[in-house]
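# Topology and contacts: notes
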Amino acid sequence: MLRDIRELADSPAEYAEELRRRWGGLLSYRYIGRSYAQMDLGPEDNTVTIRRDMRDGAGGLLLAVLGISAPESGHMSDLEAVPNPVIHSCQILDPGVGVERIEIISEELRRGRQLGYSRAKIVDADHPARVLALIEGQGVSIGVPPEGLERMEANPLEIADSPDPPPLWQVFGAHLRQDGYWALPELSVDVASPDAALHIGPQFVTLETAARHGAAETAGTDRLHGVSAHVMFVARGKAGPFRVEPEAIAGAGGNVAVRVKMYDEGAGDRLTTAGSYLFVPTD
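Attention in this report is confined to the structure presented alongside it.

## Describing the overall build of the protein
A count of helical and extended segments in the protein gives five helices and eleven strands. Based on the C-alpha atoms only, the size of the protein along its principal axes is roughly 55 × 45 × 35 Å. Split into buried and exposed, the 283 residues of the protein put 49% on the buried side. Counted over contacts in the protein with a minimum sequence separation of 6, partners at least 24 positions apart contribute 70%.

Put into structure tokens, the structure is as follows:
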């Protein structure tokens, strides 16, 4: 089992070293190419370069990429809190076909003693008047780190675009099991947050993958754009494997909604996450 960083709160040096190790090894932001001025040394850069593996079957942006780029959990950095997401919501105005870079314009709405609220507008970085998505979120602090923590050297992965990249679900370890469910394996350090729980990145990727799979089966095509996502983080994923159960619902005009639930099979099949996605056909 991974160690919860809160166990080191009384040892500032050990806490700082563990945070550097965990933040530097976390796959989510490194693979997407998202940096955070609150955490990383260097110039502020709120843009993400889009690769082929960040697009859906019709060329639009994956909802998971937008969610990882703008988690919006109340602007709580790991230097001042032990943050956990509560609710994430995303509405798509423009699927982003042809967009090469996105920019995240984030806004803190309110910070309380434990709860935080924030939102973001995602635009085409090269044509900022083109608004792509609106995101809102709520987060909660489940611990207080020691004082004196400092920003760290960023540890990005240089992922070159290619004609046939591995899909994000494969990179994050998800797979379609023989029982028909999409799942993540047991918790590992590269997909765990510092508090030793499943990070939002692999959750966003696997939930959307399962939802898209169900939507494609219902619609009879994978040429679908996601137009909204709403995710509630019910409990921290502590063990794994993590199973996703989808429920696809056909709507008018070829639209498909998919409700999803994620369960932690290694923790008594505890429900960790629930969400809903809406997809529209492009043909």
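Here the narrative resumes, following the displayed structure.
## A closer look at a nonpolar patch on the surface
A cluster of nonpolar side chains, namely Leu109, Leu115 and Tyr117, defines an oily patch on the protein surface of about 240 Å² accessible area. Looking at the secondary structure, you find Tyr117 in strand 4 (residues 115–124). For Tyr117, a relative accessible area of 30% gives the class partly exposed.

## Regarding the sheet that holds strand 4
The antiparallel open sheet is built from eleven strands, whose spatial order is 1-3-4-5-2-8-11-10-9-7-6. Looking at the sheet topology across the chains shown, the edges are occupied by strand 1 (47–49) and strand 6 (175–176). Across two bridges, the pairing between strand 6 and strand 7 (residues 182–184) is antiparallel. Bridge assignment links Leu176 to a residue of strand 7, and that residue is Trp182.

## Digging into the pairing of strand 10 (residues 256–264)
Across nine bridges, the pairing between strand 9 (residues 242–250) and strand 10 is antiparallel. By the bridge assignment for strand 10, Ala250 is matched with Val256. Here strand 9 hands over to strand 10 after five residues, with Gly253 in that stretch at a positive phi of 65°. Hairpin connection from strand 10 to strand 11 (residues 270–281): five residues lie between these consecutive antiparallel strands, with Gly268 at a positive phi of about 70°.

## Remarks on the packing of aromatic side chains
Considering all chains together, one arrives at six aromatic pairs under this definition. With a centroid separation of 5.0 Å and an interplanar angle of 75°, the aromatic rings of Tyr29 and Tyr36 are classed as edge-to-face. By the burial criterion, Tyr29 is buried, and Tyr36 matches it. Among the aromatic residues, ring-to-ring pairing joins Trp23, Tyr29 and Tyr36 into one connected group. Over the ring of Tyr31 we find Arg51; its NZ or CZ atom is 4.9 Å from the centre of that ring. The ring centre of Tyr181 lies 5.8 Å from the NZ or CZ of Arg243, which sits over that ring.

## Description of helix 5 (residues 200–219)
In this model helix 5 runs 28 Å from its N-terminal to its C-terminal C-alpha over 20 residues, within 8% of the 28 Å that 1.5 Å per residue would give. Extensive coverage of helix 5 is indicated by the burial of 16 of its 20 residues.

## Quick word on the pattern of salt bridges
According to the stated counting rule, one finds 22 salt bridges in the structure shown. Here Arg236 and Asp195 are joined by a salt bridge, their closest N and O atoms 2.9 Å apart. Placement of Arg236 in the loop between strand 8 (224–233) and strand 9 and of Asp195 in the loop between strand 7 and helix 5 is noted, with a sequence separation of 41 residues between them. Using a relative accessible area of 2% as the deciding quantity, one classes Asp195 as buried.

## Examining the side chain of Glu72
Counting through the fold element by element, Glu72 comes out in the loop between helix 3 (63–69) and strand 2 (83–92). Here Glu72 occupies a buried position and makes no salt bridge, while the nearest side chain of opposite charge, Arg34, is found at 5.8 Å. Polar contacts involving the side chain of Glu72 include one to the main-chain amide nitrogen of Arg119, which spans 3.3 Å. The contact partners of Glu72, leaving out residues within four places of it in the chain, are Ser106, Glu107, Ser118, Arg119, Ala120, Ile135, Glu136, Gly137 and Gln138.

## Considerations on the environment of Ala267
Inspection of the secondary structure assignment puts Ala267 in the loop between strand 10 and strand 11. With relative accessibility at 26%, the residue Ala267 sits in the partly exposed group. Here the alpha-carbon distance between Ala267 and Gly240, two residues 27 residues apart in the chain, equals 7.2 Å.

Rules and cut-offs
Residues numbered from 1 in each chain as written. Predicted model: local features only at pLDDT ≥ 70, side-chain atom pairs only at ≥ 80, totals over all residues. Heavy atoms only, no water. Helix = DSSP H or I, 4+ residues; strand = E, 2+ residues; numbered from the N terminus. Buried < 20%, exposed > 50% of the residue type's maximum accessible area, 1.4 Å probe, protein only. Contact = heavy atoms within 4.5 Å. Patch = residues over 30% accessible without salt bridge, like charges linked within 9 Å, V, L, I, M, F, W, Y side chains within 5 Å. Areas by Shrake-Rupley, 256 points an atom, 1.4 Å probe, with all protein chains shown as cover. Salt bridge = Lys/Arg side-chain N within 4 Å of Asp/Glu carboxyl O. Pairing = 2+ DSSP bridges. Phe/Tyr/Trp six-rings, centres within 6.5 Å; stacked < 30°, edge-to-face > 60°. Lys NZ or Arg CZ within 6 Å of the ring centre and 35° of its normal. Expected span 1.5 Å × (residues − 1). Lys, Arg positive; Asp, Glu negative; His and termini not counted. Polar contact = N/O pair within 3.5 Å; in protein donor to acceptor, adjacent residues only side chain to side chain.

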